[in-house]
Amino acid sequence: MPAVEVVWRHLLDGARHGQRRWSSMTAVASELEAPISTVYRSLSHPIEIGAVSITAMGGLQVLDPARLLVLFAAHRRVQRDITWRFQVGLPVSEVESLVRSPTVVLGGFGAVVAHLGGVNRIADYTAVLFYGDPDLPDLPPASGYEGTEVLIAEPDPLLRKYGRVTPFSQAYADLFSLPGWQSARFVEELDVREVAASDEPVLLV
């Protein structure tokens, strides 16, 4: 994942958990263990569209998380992170349950369902996205058009700090950048304001 997306994801994850303000860009850079120049470059577009502000007195503020999420989704190209894909002859739920790796991160559809409380009321899906090697056992090959497509992507160094599933913002952005009616249905049904933040849609200053 490019550095600019790492910064946006971090701000969105903060907004999702009730944090919309940081004392400075330096504070964000410290949390990300990144150069402040990286954070500075990453914020030019969000500032331009009014999603983020930086002031001497107010520090860094995420004013409009939904707009930042839309920018993230439009910028995201998950295909470039996918290093391996294959088909197996088991349903998605079984594939997800057979993961043996303690460090793999679930993304895509499965991550969205996890953020929605583990209940999928949107649409059935036939692809599972893992960041890192899931260490699956030997699985039967898919027969015809039935089965599950397993997508394995390279995780960025900070992804595992967010837990066993990708942050809601990244799950949304990943599905936005994947083709197919299932990903389109998920994107259509999800409210960007609810994905992006847990409080008011726009922070007034």
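These notes cover the structure that comes with them. (Residues numbered from 1 in each chain as written. Predicted model: local features only at pLDDT ≥ 70, side-chain atom pairs only at ≥ 80, totals over all residues. Heavy atoms only, no water.)

A separate point is the sheet that holds strand S5 (residues 105-107). Read from one edge of the open sheet, four strands run S4-S7-S6-S5, paired in mixed fashion. Lying at the two open borders of the sheet, with one neighbouring strand each, are strand S4 (82-88) and S5. In this sheet, neighbouring strand axes are inclined to one another by 25° on average, regardless of whether the strands run parallel or antiparallel. As judged from the six bridges shared by S4 and strand S7 (residues 148-153), these two strands associate in the antiparallel manner. (Pairing = 2+ DSSP bridges. Helix = DSSP H or I, 4+ residues; strand = E, 2+ residues; numbered from the N terminus. Axes fitted to C-alpha atoms, helices over the stretch in contact; angles between N-to-C directions.)

Within the element layout of this structure, Ala74 appears in helix H5 (residues 65-75). Overall, the relative accessible area of 59% leaves Ala74 in the exposed class. A C-alpha to C-alpha distance of 34 Å links Ala74 and Pro141, two positions 67 residues apart in sequence. (Buried < 20%, exposed > 50% of the residue type's maximum accessible area, 1.4 Å probe, protein only.)

Below, the discussion takes up helix H7 (residues 108-115). With six of its eight residues buried, H7 lies for the most part within the structure. Buried within H7 are the following residues: Gly108, Phe109, Gly110, Ala111, Val112 and Val113. For H7, the secondary structure elements touched by its buried residues are helix H6 (92-97), S5, strand S6 (127-131), helix H8 (168-176) and helix H9 (181-189). (Contact = heavy atoms within 4.5 Å.)

None of this, on its own, says anything about what the molecule does.
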